[in-house]
Amino acid sequence: MKSLFSILVFSLCIFCSCSQSNKETSQQEQSVSETDTITAVAAANEDSTAVMTSTITCPKCGFSAEETMPTEVCQLAYTCKNCKSVLHPKGDDCCVFCTYGDHKCPSMQ
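What you are looking at is a predicted structure, and each value in this text was computed from that prediction instead of being measured.

Enquirer: How should the overall build of the protein chain be read in this particular structure?
Expert: Of the regular secondary structure elements, the protein chain holds three helices and four strands. Traced from its N-terminal end to its C-terminal end, the protein chain shows the element sequence α-α-β-β-β-β-α. When the 109 residues of the protein chain are sorted by exposure, 20% land in the buried category. The long-range fraction of contacts in the protein chain, counting pairs at least 24 apart against all pairs at least 6 apart in sequence, stands at 36%.

Next comes the structure, spelled out in structure tokens:
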């Protein structure tokens, strides 16, 4: 979702520089177009609200716990609060939330 937001902001920057260089664009058309672009960026922000908690279920004992996911890094290990097993991501998953959680981590959402 961050990349979608970046693309929209980049598009807005390009649009603004193109609008300034194009003298044939009327003030009214420019105002409407900028409003549409700003509305699109705002809509992307509303849609990109990430879930910040996930319930991790231990594959060994079946115990579940709701945990807050970090936003800046991937969590590569998690210790089960019940059986004390250390869980690690499997396959191509980036973190334990993507493997064992009911929600993917914020960077994958």
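Enquirer: Would you explain unusual backbone geometry in this entry?
Expert: Peptide bonds are trans in most cases, and residues, glycine excluded, mostly fall at negative phi. Its identity as a non-glycine residue notwithstanding, lysine 84 has a phi of 65 degrees, on the positive side. Of note, lysine 84 is situated in the loop between strand 3 (78-79) and strand 4 (86-87).

Enquirer: What am I meant to see in the pairing of strand 2 (residues 64-68) here?
Expert: On any regular strand, side chains alternate: one points to one face of the sheet, the next to the other face. Burial of strand 2 is one-sided: the residues Ala65 and Glu67 facing one way are buried, the residues Ser64, Glu66 and Thr68 facing the other way are not. Here strand 1 (residues 53-57) runs beside strand 2; their pairing, made up of five bridges, is antiparallel. The residue bridging serine 54 from the neighbouring strand is glutamate 67, located in strand 2. Connecting strand 1 to the next strand, strand 2, in antiparallel fashion are six residues, including glycine 62 with a positive phi near 85 degrees.

Parameters and conventions
Residues numbered from 1 in each chain as written. Predicted model: local features only at pLDDT ≥ 70, side-chain atom pairs only at ≥ 80, totals over all residues. Heavy atoms only, no water. Helix = DSSP H or I, 4+ residues; strand = E, 2+ residues; numbered from the N terminus. Buried < 20%, exposed > 50% of the residue type's maximum accessible area, 1.4 Å probe, protein only. Contact = heavy atoms within 4.5 Å. Pairing = 2+ DSSP bridges.

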